[in-house]
Amino acid sequence: MRILVVYCHPVETSYHASLHAEVVRSLRAAGHEVDDCDLYAEDFDPVLSRAERLGYHEVPANRVPVQRYVERLERAEALVFCFPTWCFGLPAMLKGFCDRVLVPGVAFDISDPQNVKPALTHIRRIGAVVTYGRPRWMAWWMGDPPRKVVTRYLRMLTGGRARVEYHAQYHMNVATPAVLERFLARVGRAFGGWR
């Protein structure tokens, strides 16, 4: 499969950088073609400008400011997101990617506002590797927005067709090296098994 990996973390020595590297390594070892999109390394601009917002519904002109990312998304057959949870949400950089790239005519067809149609129907699988500073129960209590974005919203954009998996390591603030090593291995096995 052609897989677009969207990675969002500013620190190249972070634990999440290790998770990202393991995802890419495992997918490539399984024979997939990986387009590794590191939002920070690529200096992605997450800010939806005034002009972009005014032209948000103007298909296909709305894709012009992020054409390169739209093309990568349209070429993919699967998506994997690697990111930390900050303030119980997506990092601003990743939220900006969603705001600017998942626009009408790309992620959904809004030509009939009463009947919005999904447009990422070419995406067969979605995966996520996510870290949280707090325990699972607190993420649940807060509604776990990142999990819902991946497992509900993104899947909805595929017409409900994509198979979704969500790998989360909670309570990073107290995780031991052994716990982190086990999660890293689990991630490698999961993505190494993608077919």
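Now for a description of the structure that goes with this document. In this text, all values refer to a predicted model and were calculated from it rather than measured experimentally.

Once that is clear, we can look at helix α4 (residues 92-101). Burial of α4 is extensive: seven of the 10 residues sit out of reach of the surface. Those residues of α4 that sit buried are M93, L94, G96, F97, C98, R100 and V101. Along its buried surface, α4 packs onto β1 (2-7), α2 (50-54), α3 (67-75) and β3 (78-84).

Scanning the model with the defined rule gives 12 salt bridges in all. Among the ionic pairs, R72 bridges to E42, the shortest N-O distance being 2.9 Å. Taken as a pair, R72 in helix α3 and E42 in the loop between β2 (33-38) and α2 lie far apart in primary sequence, 30 residues in all. Linking R100 and E52 is a salt bridge whose minimum nitrogen-to-oxygen distance equals 2.9 Å. With R100 in helix α4 and E52 in helix α2, this pair connects stretches of sequence that are 48 residues apart. Taking the relative accessible area as the measure of exposure, R100 reaches 7% and is therefore buried. Via salt bridges that share partners, D35, E42, R68 and R72 belong to a single interconnected network.

Below, the discussion takes up a nonpolar patch on the surface. Taken together, the side chains of W137, W140, W141 and M142 present a nonpolar region at the surface, about 600 Å² in accessible area. Here M142 shows up in the loop between α5 (136-141) and α6 (145-157). Here M142 falls in the partly exposed class, since its relative accessible area comes to 39%.

Attention now goes to the pairing of strand β7 (residues 163-169). Moving residue by residue along a regular strand, the side chains alternate between the two faces of the sheet. Within β7, five of the seven residues are buried, which leaves it mostly tucked inside the rest of the structure. Relative to β7, strand β6 (residues 125-131) runs parallel, the two being bridged by seven bridges. Along β7, the bridge assignment pairs A128 with Y166.

Another aspect to go through is helix α1 (residues 15-29). Along its 15 residues, α1 runs 21 Å from first to last C-alpha, staying within 8% of the 21 Å computed at 1.5 Å per residue. All of the buried residues along α1 are Y15, H16, A17, L19, H20, E22, V23, V24, S26 and L27. Where the residues of α1 are buried, they touch β1, β2, β3, β6 and α7 (177-192). Within two residues after α1, G31 carries a phi angle of roughly 95°, on the positive side.

This next bit is on the sheet that holds β2. The strand order across the open sheet formed by five strands is β2-β1-β3-β6-β7, and the pairing between neighbours is parallel. Each having just a single partner strand, β2 and β7 make up the two edges of the open sheet. Strand-to-strand twist of the sheet, defined as the mean angle between neighbouring strand axes without regard to direction, takes the value 15°. Sheet topology note: the β1/β2 ladder contains six bridges and is parallel. Pairing of Y7 across the sheet is with D38, part of β2. In the packing of α1 onto the sheet, contacts are made with β1, β2, β3 and β6, and the angle to β1 comes to roughly 175°. The strands touched by α3 are β1, β2 and β3; relative to β2, the strand with the most contacts, the crossing angle is about 150°.

Moving on: the nonpolar core. Core analysis: the largest hydrophobic core is formed by 40 residues, its most contacted members being L39 and L94. Those elements that provide at least two residues to this core are β1, α3, β3, α4, β6, α6 and β7. The element best represented in this core is α4, accounting for five residues. Not counting chain neighbours up to four residues away, the residues in contact with L39 comprise V6, Y7, C8, F44, M93, L94 and F97. Core analysis: the next-biggest nonpolar cluster, separate from the first, contains 22 residues, M1, A17, V80 and L184 among them.

This paragraph deals with the side chain of S14. Note that S14 resides in the loop between β1 and α1. Contacts of S14, omitting those with residues within four sequence positions, involve Y7 and H9.

What counts and what doesn't
By convention here, each chain's residues receive numbers from 1 onward along its written sequence. Local features in a predicted model are, by the rule used here, given only for residues with pLDDT of at least 70; side-chain atom pairs are given and counted only at 80 or more, and totals for whole chains, interfaces and linings are based on all residues. Only heavy atoms go into the side-chain values, all of them from the structure, while hydrogens and water stay out. Relative accessibility under 20% of the residue-type maximum defines a buried residue, over 50% an exposed one, and the middle range a partly exposed one, all with a 1.4 Å probe and only protein chains included. Under the scheme used here, helices are H or I runs from DSSP no shorter than 4 residues and strands are E runs no shorter than 2 residues, and both carry numbers assigned from the N terminus. Any two residues whose heavy atoms approach within 4.5 Å are treated as being in contact. Each reported salt bridge corresponds to a side-chain nitrogen of Lys or Arg within 4 Å of a carboxyl oxygen of Asp or Glu. Like-charged residues within 9 Å of one another, or nonpolar side chains (Val, Leu, Ile, Met, Phe, Trp, Tyr) within 5 Å, are grouped into patches, provided each residue has over 30% relative accessible area and no salt bridge. Areas reported here follow the Shrake-Rupley algorithm with a probe of radius 1.4 Å; residue values treat only the protein chains shown as occluding. At least two bridges found by DSSP between two strands is the condition for calling them paired. How far a helix is expected to stretch is found by multiplying one less than its residue total by 1.5 Å. Angular values range over 0 to 180 degrees, each being the angle between N-to-C directions of two axes fitted as lines to C-alpha atoms, with helices fitted over their stretch in contact. To form a nonpolar core, buried Ala, Val, Leu, Ile, Met, Phe, Trp, Tyr and Cys residues must be joined to one another through side-chain atoms within 4.5 Å.

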